Amino acid sequence: MPLTDQQRQQFDDLVKKSRVVLFMKGNKHFPQCGFSAQVIGILKETGVPFETVNVLSDPAVRDGIKEYSSWPTIPQLYVDGEFLGGCDIVKEMHAAGDLQKKLGVVDKPVAPPKITLDERAAKAIKEADEGGTSPPEHLRLEIGPQFQYELYFGPKQAGDIEVVVSGLTVLFDKTSAKRADGINIMWVDTPDGGAFKIENPNEPARVKSLTAPELKKWIDDKKSFELFDVRGEDERAVAKIDQARALDEAGEKHLLGLDKKTAIVFQCHHGMRSKSAAERFLTEGFTNVFNLEGGIEAWSTKVDSKVPRY
Amino acid sequence: MSDHPTIAGIENTMKSAILEKIPGAEVSVGPGSGGGHFVVQVVSAVFEGKSMLESQRLVLGAIAHLMKGDSAPVHAIDSLKTRTS
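Computed from a predicted structure; not experimentally measured.

S.K.: What exactly am I supposed to notice about the overall build of chain A here?
M.R.: Counting its regular elements, chain A contains twelve helices and 16 strands. Residues classed as buried in chain A amount to 45% of the 310 residues present. Within chain A, contacts between residues separated by at least 24 positions form 60% of all contacts whose residues are at least 6 apart in sequence. When the accessible area of chain A is evaluated, it comes to approximately 16,400 Å², of which 51% is carbon and sulfur surface.

S.K.: It is not clear to me how unusual backbone geometry should be interpreted in this structure. Could you clarify?
M.R.: Trans is the prevailing form of peptide bonds, just as negative phi is the prevailing case for residues other than glycine. Residues and elements named next belong to chain A. Backbone torsion omega between Ile74 and Pro75 reads 5°, so that peptide bond is classified as cis. Along the chain, Pro75 falls in the loop between helix H3 (59–69) and strand E3 (76–79). Its identity as a non-glycine residue notwithstanding, Asp80 has a phi of 50°, on the positive side. Mapped onto the fold, Asp80 is located in the loop between E3 and strand E4 (82–85). A positive phi is found at Lys222, a non-glycine position, where the angle reads about 55°. Along the chain, Lys222 falls in the loop between helix H8 (212–220) and strand E13 (226–229).

S.K.: Whenever I open this one, the interface of chain B and chain A confuses me. Can you help?
M.R.: Quite often, the size of an interface is put as the accessible area lost when its parts meet. Listed as interface residues are 16 residues of chain B and, on the opposing side, 15 residues of chain A. Counting each side, the surface lost to burial between chain B and chain A is near 1,200 Å², with a carbon and sulfur contribution of 62%. For chain B, the biggest contributors to the area lost against chain A are Met52, Leu53 and Arg57 of chain B; these three give 40% of the whole. Summed over the shared surface of chain B and chain A, the number is zero salt bridges. For the interface between chain B and chain A, the tally reads three residue pairs in polar contact (both at pLDDT 80 or more).

S.K.: Teacher, can you tell me more about the sheet that holds strand E2 (residues 37–43) of chain B here?
M.R.: Backbone hydrogen bonds hold the strands of a sheet together, and the pairing may be parallel or antiparallel. Residue and element names in this part refer to chain B. Strands sit in the order E1-E2-E3 across an open sheet of three strands; the sheet is mixed. Each edge of the sheet is formed by a strand with only one pairing partner; in this case those strands are strand E1 (26–31) and strand E3 (76–83). When strand polarity is set aside, the average angle formed by the axes of neighbouring strands in this sheet is 10°. The strands touched by helix H1 (residues 7–21) within the sheet are E1, E2 and E3, with E1 carrying the most contacts at an inclination of about 155°.

S.K.: Hey, could you run me through the pattern of salt bridges in this one?
M.R.: Opposite charge on two side chains lets them pair, provided their charged atoms get close. Residues and elements named next belong to chain A. According to the stated counting rule, one finds 21 salt bridges over all chains in the structure shown. Notably, a salt bridge pairs Glu127 with Lys123, separated by 3.4 Å at the nearest N-O pair. Of this pair, Glu127 and Lys123 both sit in helix H6 (residues 119–128), four residues apart, roughly one helical turn. Accessibility assignment for this pair places Glu127 and Lys123 in one class, exposed. The salt bridge partner of Glu235 is Arg273, with a shortest N-O separation of 2.8 Å. Of this pair, Glu235 sits in helix H9 (residues 233–238) while Arg273 sits in helix H11 (residues 273–283), placing them 38 residues apart in sequence. Linked by salt bridges that have partners in common, Asp229, Arg231, Glu233 and Arg236 make up one network.

S.K.: Sorry, what's going on with the nonpolar core here?
M.R.: Soluble, globular proteins show a tendency: their nonpolar side chains are buried together. Membership of the largest hydrophobic core comes to 57 residues, with the highest contact counts inside it found for Phe23 of chain A together with Met14 and Ile77 of chain B. In this structure Phe23 of chain A touches Phe11, Leu14, Val15, Val53, Val55, Val61, Ile65, Ile74, Pro75, Gln76 and Tyr78 of chain A, once residues within four positions along its chain are discounted.

Criteria and thresholds
- Residues numbered from 1 in each chain as written.
- Chains lettered and ligands numbered in written order.
- Predicted model: local features only at pLDDT ≥ 70, side-chain atom pairs only at ≥ 80, totals over all residues.
- Heavy atoms only, no water.
- Helix = DSSP H or I, 4+ residues; strand = E, 2+ residues; numbered from the N terminus.
- Buried < 20%, exposed > 50% of the residue type's maximum accessible area, 1.4 Å probe, protein only.
- Contact = heavy atoms within 4.5 Å.
- Areas by Shrake-Rupley, 256 points an atom, 1.4 Å probe, with all protein chains shown as cover.
- Buried area = accessible area lost by both parts, 1.4 Å probe.
- Salt bridge = Lys/Arg side-chain N within 4 Å of Asp/Glu carboxyl O.
- Polar contact = N/O pair within 3.5 Å; in protein donor to acceptor, adjacent residues only side chain to side chain.
- Pairing = 2+ DSSP bridges.
- Axes fitted to C-alpha atoms, helices over the stretch in contact; angles between N-to-C directions.
- Core = buried A, V, L, I, M, F, W, Y, C linked by side-chain atoms within 4.5 Å.

Below is the structure:
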């Protein structure tokens, strides 16, 4: 439905209510759609102040802005009253530095992140690279705002940051590069053949998962860590891992006295109770917290069959 | 179009709608990250000299009627690429 002159006037005012106005689903603290969230992430990264209009709270705005901009999707970004585009365009302009120019901010050069890649990961990547594509494709690593990782082959894009490691070129867009400094990309064994695993020191602390064979290796390697069994004495009497300390009153006291950076592994029967315990100690400020996936059951079946199953 | 169009049906409808607006274009439409999500690539000389905004607007304008309303068959375009060759 075409807009009336009055509606058009309202949008003329709305898009100019601030230098930078984003029409989106949700607000800047709680974006309610992935595309809106991506644009919010980019705007925050540039550091410019911006206003948002939540189209979900007013159907007239939601339909009207599509008509006004001749653009059928949300989000929509306006700068100085001019429509710049949706998520795709904003992403591309940001990567190329054009968005920063439009916003009048200095496009600070991003230092190439220092990354490491273990031998098996490098081998897996080289095997996956069929080569011979035109334009040539390189390995790209995208790191999302919640530290979601996407590793894939794609063409080089404007503004890309290139890192050469273990004979491989890895491309990052600027935002991903900032989240990538110090990462370690590994190839680990999984039940379905293997997978990439990424350790990233920039990630906010969260419970990391540890498999039974990995725990065995830590013990064999005499790695420095603490292992806590969150089960009660009744279950511990049936089966336990020798190195595990009970998380009873004394155990908890010992734990709380540890350095907050200590590697701490929690273990239970199947890995559920230990996960909750691990999350609780994360809120106590511990930053290097692991959950033994599959609990003592996985330990019995994968590492030490002498430990009884129950 | 039926009330419950199939994915292949929607893809074809999108393709024809784009071709109607940009005759002779090389159009590919594929599934995106979930129901109602699609990825679109259009290759046509018509984009020559046009900005990315103008190019995308041309394509999106062709399928806008399929994206209108809450029960629209096309919920989102995950990625839209326009190229001249």
